Every structure is written in C-alpha cells, then in structure tokens.
Amino acid sequence: MKRDFLQLVSERTVLFDGAMGSMLIDAGMKPDECPELWNVEKSSIIKEIHQRYFDAGADVVLTNTFGGTEIKLGTKGLEKRAEELNKAAVRNALSVCKTNRYVAGDIGPTGKFLPPVGDITEGELYQSFSRQTEALLQEGVDMIVIETMYDLREALQAVKAVRDIASSIPLITTMTFEKKKRGFFTLIGDTPEKCFSALENFGVNIVGANCTLESKDMVELCSLIRGKTRLPLSFQPNAGQPVVRDARVTYPQSPEAFAADIDQLVELGASIVGGCCGTTPEFINAAWEALQKRI
Ligand SMILES: [Zn+2]
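Let me begin by describing the structure that accompanies this report. Throughout, a residue's number is its position along its own chain's written sequence, starting from 1. Given that this is a predicted model, residues contribute local features only at a pLDDT of at least 70 and side-chain atom pairs are listed and counted only at 80 or more, while totals for whole chains, interfaces and linings are drawn from all residues. Excluding hydrogens and water, the side-chain figures rest on all heavy atoms present in the structure.

## Observations regarding the overall build of the chain
Next up, step 1: When helices and strands are counted, the chain shows twelve helices and twelve strands.
Next up, step 2: Note that the radius of gyration is over C-alpha atoms, with the globule rule given as 2.2 Å times the number of residues to the power 0.38. The C-alpha radius of gyration of the chain comes to 17 Å, within 12% of the 19 Å expected for a compact globule of 295 residues.
Next up, step 3: Based on the C-alpha atoms only, the size of the chain along its principal axes is roughly 50 × 45 × 40 Å.
Next up, step 4: Here the chain holds 295 residues, and 55% of them are scored as buried.
Next up, step 5: Across the chain, contacts joining residues at least 24 apart in sequence account for 78% of those joining residues at least 6 apart.
Next up, step 6: When the accessible surface of the chain is split by element, carbon and sulfur atoms take 51% of a total near 12800 Å². Helix and strand definitions follow DSSP, with helices as H or I runs of at least four residues and strands as E runs of at least two, each counted in order from the N terminus. For each residue, the accessible area found with a 1.4 Å probe, counting protein chains only, is set against the maximum for its type, and the residue is called buried under 20%, exposed over 50%, and partly exposed in between. When checking whether two residues touch, look at their non-hydrogen atoms; a contact exists if any pair is within 4.5 Å. Method for areas: the Shrake-Rupley scheme with a 1.4 Å probe, in which residue coverage is limited to the protein chains shown.

Written as structure tokens, this is what we have:
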C-alpha cells in the first residue's frame, strides 16, 4: 500500500526528478521529433531515464507527456493518438516504479495562446486538458502535475479539467516566471502571488515554479513568496541559463552548485524540489545527497 502523497509532503521534503526533454535530446531525439511518440517507439529509453531518476533518489517521476494534449500533439499531426501516447507514458513510468515511489501525470502548456495574443478559446483548452487527464488517470498515475504554465488563464483551465474529473487526486501546479527589474512575472505578466491565490481557489494542493529560472533566482523567488500562500511550495529550477555551443543547447551549471541552491530552497521552506531543463540524474543525486545531510 502506497503512503498518501500529501501526507508524505507534510512530513518531509519530497524529491522530484529532473529534465526529460534535454535527456531525450542527449539520447538522439531530433528537434522536429515528437517526444511523446518515444513512449511507444522508444519506450526502453523512456523507461531507462525514469529508472535512472529513481536510482538517483527521486521520490517522484513525471510521465513523458509534457506535450500530450491533443492541441500540442496536433502540431505534429498526432492528435488522434493522444490517448494511446499518454497511456503508454504512464505504463512506462509505472513499470519501473517501486511501491514507495510515485508517478505523476505530467501536463504542460498547449503552446497556443488565448486572445489577445492568439485565438484559442478557454473551452478548447479545457477539452484538450480533460482528455489528457482522463488518459493519465485511467492508467493509474498517483498525482497530476501541471507545469511550465506561462498564462494563469490556461493553467486554470487545466486545473478545472483535472478537478472536474478527480476531485481529490493530489494536484501540483507550477508556473514559470521570468525575473524582471520589478520582480517575478509570467510571460503574460501575472505575479506569483496572484497565480498562487487563484490556483489555491481552484483546488490545487501544492503550488510553485519551474523552468526558465536558474537555481539562484529560484532561491530569490522562494524567499519572496514564502509565507504568502498557505499551500506547500514546489521548485524545479533549470541547470543555469542555456548557452548554444556548436549548434547545441547546453546548460552550464554543475550538479554541486545546483544542489547547494536546492539546500537553500529547503532551508527557506520548500516542500518539493527537483530539476527542470538541463538537469540530469547526476543533479538529482546531488540534490538527494544534500537532503540526506539535513536529516
Ligand atoms: Zn524546463
């Protein structure tokens, strides 16, 4: 019997996995390929990445379904395979998950914008998130993570879709913020405070930030927002700012420097920590070691 996840979060810091996308690029995925297609065509690689994160000490891995909405898959002509690809992703992660570990169904942004930037409607977003959620839940994920959201309105449609289908499944939602002179804002211009209070009102259990920011900026964000929400906080920074070298995107940070900032995040009260773009099992293992030293 698996321990209740939210209970675990209330008792100790929980470690999430690191990047999937940059790991897939390292494994040979071409820029025009669809990462979710690898759930069926190269499932052994996906399982191995999940396994490596669990071995590194992660309590939770995210399914390879960041772009698993019909809207996003539609940009590759794969919208009709959404259910199949999402379900295969869950099976891949569950196949290497032991009873004391967890699989989170990952939901990312659709890539389309609501007016005035784009012309997608809230109803279309809701439908697309609903169908992805159904597939993830049917295959047995332990929780849902909605992440890298840059528009609060889109995030709320995803939250609504999840909560209409599963009113009590643990639900984490992390926005992505840019650091500006006046503070931290989403691409659309919302503050963390506004985002977190809206997400709480819509029934999210845990809020936070992932991607875009490197770990030292995430520490600054954490120190600014702690105490401004009653919900537990989750942070997954990138491995530094990306640099292009030989036409390849690389991330310059060392696992040790990353882990030192993860330690700071925990010191400041983060309940969940993990990595985003550029982080690898080595980063998660360094973070795990930092967490062990705190016990
Ligand atoms: Zn990222």
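## Quick look at helix α9 (residues 192-201)
Next up, step 1: Buried within α9 are the following residues: Pro 192, Cys 195, Phe 196, Ala 198 and Leu 199. Down the axis of α9, the smallest arc covering the buried residues is 165°, so these residues share one side.
Next up, step 2: The secondary structure elements touched by the buried residues of α9 are α8 (152-165), β5 (171-175), β7 (183-185), β8 (206-214), α10 (215-225) and β9 (233-238).
Next up, step 3: Downstream of α9 by one or two residues, Gly 203 has phi in the positive range, about 95°. The arc in question is the one spanned by the directions pointing from the helix axis to the C-beta atoms.

## Quick notes on the packing of aromatic side chains
Next up, step 1: Classification of ring pairs uses Phe, Tyr and Trp, with its six-membered ring standing for Trp, and accepts pairs whose centres are within 6.5 Å; under 30 degrees between planes counts as stacked, over 60 as edge-to-face, and the remaining range as tilted. The full count for this structure, using the stated rule, is five aromatic pairs.
Next up, step 2: Judged by centre distance (6.5 Å) and plane angle (55°), the rings of Phe 5 and Phe 16 are tilted. Taken together, the positions of Phe 5 in helix α1 (residues 5-11) and Phe 16 in the loop between β1 (14-15) and α2 (21-26) put the pair eleven residues apart, joining distant regions of the chain.
Next up, step 3: Classification of Phe 5 by relative accessible area gives buried; the value is 3%.

## Some thoughts on a nonpolar patch on the surface
Next up, step 1: Like-charged residues within 9 Å of one another, or nonpolar side chains (Val, Leu, Ile, Met, Phe, Trp, Tyr) within 5 Å, are grouped into patches, provided each residue has over 30% relative accessible area and no salt bridge. Each reported salt bridge corresponds to a side-chain nitrogen of Lys or Arg within 4 Å of a carboxyl oxygen of Asp or Glu. Taken together, the side chains of Val 117, Leu 187 and Ile 188 make up a nonpolar region of the molecular surface, amounting to roughly 270 Å² of accessible area.
Next up, step 2: By the secondary structure assignment, Leu 187 is in the loop between β7 and α9.
Next up, step 3: For Leu 187, a relative accessible area of 49% translates into the label partly exposed.

## Remarks on helix α12 (residues 281-294)
Owing to its 3.6 residues per turn, the α-helix brings residues three or four apart onto one side.
Next up, step 1: In this analysis, the expected span of each helix is defined as 1.5 Å times one less than the number of residues it contains. A rise of 1.5 Å per residue sets the reference length of α12, with its 14 residues, at 20 Å; its end C-alpha atoms lie 20 Å apart and thus fit the reference within 8%.
Next up, step 2: For α12, the full list of buried residues reads Pro 281, Phe 283, Ile 284, Ala 286, Ala 287, Ala 290 and Leu 291.
Next up, step 3: Those residues of α12 that are buried are in contact with β1, α2, α4 (43-56), α11 (255-267) and β12 (272-273).

## Looking at the sheet that holds strand β3 (residues 102-107)
Next up, step 1: Taken in spatial order, the eight strands make up an open sheet running β1-β12-β9-β8-β5-β4-β3-β2, and their pairing is parallel. What marks the edges here is a single partner per strand, and that holds for β1 and β2 (60-62).
Next up, step 2: Alignment of β8 against β9, held across five bridges, turns out to be parallel. Looking across to β9, one finds that Asn 210 is bridged to Gln 236.
Next up, step 3: Strands in contact with α10 are β8 and β9; relative to β8, the strand with the most contacts, it is inclined by about 145°.
Next up, step 4: Between the N-to-C directions of two axes lies an angle of 0 to 180 degrees, each axis being a line fitted to C-alpha atoms and, for a helix, fitted only over the stretch in contact. Across the sheet, α11 is in contact with β9 and β12; its angle to β9 comes to roughly 165°. What makes two strands pair is DSSP finding at least two bridges between them.

## What to know about the environment of Ile 206
Next up, step 1: Checked against the element boundaries, Ile 206 lands in strand β8.
Next up, step 2: Relative accessible area serves as the criterion here: at 0%, Ile 206 is assigned to the buried category.
Next up, step 3: For the pair Ile 206 and Asp 17, spaced 189 residues apart in sequence, the C-alpha separation works out to 16 Å.
Next up, step 4: With residues near it in sequence (within four places) discarded, Ile 206 still touches Phe 5, Leu 6, Val 9, Leu 171, Ile 172, Thr 173, Pro 232, Leu 233, Ser 234 and Ile 272.

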